[in-house]
Amino acid sequence: MVKVLMEELIDKFQLELVSGEEGVHRNILVSDISRPGLEMAGYFNFYPSDRVQLLGQTELSFITKLDSETRLDRMLQLCTDETPGIIISRGLEVPKELLIASNQTGVPVMRSKLTTTRLSSRLTNYLESRLAPTTAVHGVLVDIYGIGVLITGNSGVGKSETALELVKRGHRLVADDSVEIRQEEEERLVGSAPELIKHLLEIRGLGIINVMTLFGAGAIRAQKEIDLIIHLEIWNSKKMYDRLGMDEETTKIIDVDIPILTVPVRPGRNLAVIIEVAAMNFRLKRMGVNAAQQFSERLNDAIRLGDEEGY
Amino acid sequence: MIEKKVKVQLKTGLQARPAALFVQEANRFTSDVFIEKDGKKVNCKSIMGIMSLAIGSGAEITLIVKGADEEEAMNALEAFISENH
């Protein structure tokens, strides 16, 4: 389970820690932000206490209308055991009842100079990307003409060697052997390398090489959206391989369906060129030009014409 | 498929050299072999994957083996990381 510590947000958004220092190690488990407006009015029935709470001008000016006792009571209800923290926006003054509640319960209270809406959207974006579902895949991720191509296949089939040749041809390596994948939005998978092995490539017989120092900064990329999977497998003469390219197969990673091509490997087949062309062809298809489809239509026309002439 | 929780006894943990030997060992078998540590799962036949986990001595990992020779593979790999050398 992915989680973010409150102190990470303090660091990232340069929040000023006002009180409740012992609570900065609290976990944030959800990316939603709560603006407890109705709660300030006393309605705590559906209080989302596990979210980061954001108090802006509206909420703070409302509570000045309450008497001190009610104010303290509501602040105490706001600070539950699972509340990761409370953030005050616009650099507004922190109500002293909130400070009391924070000291009593250990919920950290922070302050930001940003306006509430702006802070809210930036926090949501950041948390969504950090708390996104992730997985790790055995494969190599390369950026080919702007298409993120994930090369998969059994160990020893030649993934890294193919990646090396692709890098040599001017494409960019994202990750070798182990690709960490995050689902950032509904239909978007982003892959990156584990910190420890980024920029590295393992080639049998050579060992571990550093693509960044060998080929320069232009040969690598920190992360890339995955558009296409190329699955390499040893040529199996009994298996049918796609000869036309008219159907599109997909495979699921996390919740996203990604197009997949299975490419058989045999000595003498230049995989780097095949994959490069697959990426270009994929781009072309996305632009609406489908060579296989067009050819098939021409063939159908020719057959129909031949039939008509026959009569 | 067999799954087993193992504690790494190797004194140095899976540093580069032992990791390479471990991967070599895993490649002797036709079964698919995976290691899981802290929710991250990698293929044991890939050295970069193993090294990206930075497995230290005393770390708790899960070995997952699936295939025709899974019993043998599990025994050999478990012996490798349980060895105290």
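All figures in this text were calculated on a predicted structure; none of them were measured in a lab.

Quick look at the sheet that holds strand β3 (residues 40-43) of chain B now. All names here are of chain B. What the 4 strands build is an open sheet, ordered β1-β4-β2-β3; its pairing is antiparallel. Each end of this open sheet is capped by a strand with a single partner; those strands are β1 (2-7) and β3. Taken over all neighbouring pairs, the strand axes of this sheet differ in orientation by 25 degrees on average, direction set aside. Two strands pair when backbone bridges link them, and strand β2 (residues 32-37) and strand β4 (residues 60-66) are joined in this way by 5 bridges, in the antiparallel orientation.

The next point concerns the sheet that holds strand β17 (residues 228-234) of chain A. Residues and elements named next belong to chain A. Spatial strand order, β11-β9-β10-β17-β19-β18: 6 strands in an open sheet with mixed pairing. Strands with a single pairing partner mark the edges of an open sheet, and in this sheet they are β11 (172-175) and β18 (249-253). The average undirected angle you get between the axes of adjacent strands in this sheet is 35 degrees. Relative to strand β10 (residues 147-153), strand β9 (residues 140-144) runs antiparallel, the two sharing 5 bridges. Paired with Asp143 across the strands is Gly148, a residue of β10.

Let us now look at empty space enclosed by the protein. Within this structure, the stated rule accounts for 1 cavity of 30 Å³ or more. As a volume, the largest cavity reaches approximately 40 Å³. Lining of the largest cavity is provided by Ala136, Ser178, Glu180 and Pro194 of chain A together with Lys40, Lys41, Val42, Ser52 and Leu53 of chain B. Elements with a minimum of two residues in the lining of the largest cavity: β12 (178-185) of chain A together with β3 of chain B. Tallying contributions element by element places β3 of chain B first for the lining of the largest cavity, with 3 residues.

Applying the stated rule across the entire model yields 4 aromatic pairs over all chains. Taken together, a centroid distance of 5.9 Å and an interplanar angle of 65 degrees make the contact between Trp235 of chain A and Tyr241 of chain A edge-to-face. Residue Trp235 of chain A is classed as partly exposed on the basis of its relative accessible area of 32%. When its relative accessible area of 13% is taken as the criterion, Tyr241 of chain A is described as buried. Geometry around Trp235 of chain A places Arg266 of chain A over its ring, the cationic atom sitting 3.8 Å from the centre. Positioned over the ring face of Phe34 of chain B is Lys41 of chain B, at 4.8 Å from the centre of the ring.

Reading guide: rules and limits
- Residues numbered from 1 in each chain as written.
- Chains lettered and ligands numbered in written order.
- Predicted model: local features only at pLDDT ≥ 70, side-chain atom pairs only at ≥ 80, totals over all residues.
- Heavy atoms only, no water.
- Pairing = 2+ DSSP bridges.
- Helix = DSSP H or I, 4+ residues; strand = E, 2+ residues; numbered from the N terminus.
- Axes fitted to C-alpha atoms, helices over the stretch in contact; angles between N-to-C directions.
- 1 Å grid on protein atoms, 1.4 Å probe; cavity = no way out; pocket = protein on both sides within 12 Å on 5 of 7 lines; lining within 4 Å.
- Points joined across faces, edges and corners; volume = space filled by probe spheres on them.
- Phe/Tyr/Trp six-rings, centres within 6.5 Å; stacked < 30°, edge-to-face > 60°.
- Buried < 20%, exposed > 50% of the residue type's maximum accessible area, 1.4 Å probe, protein only.
- Lys NZ or Arg CZ within 6 Å of the ring centre and 35° of its normal.

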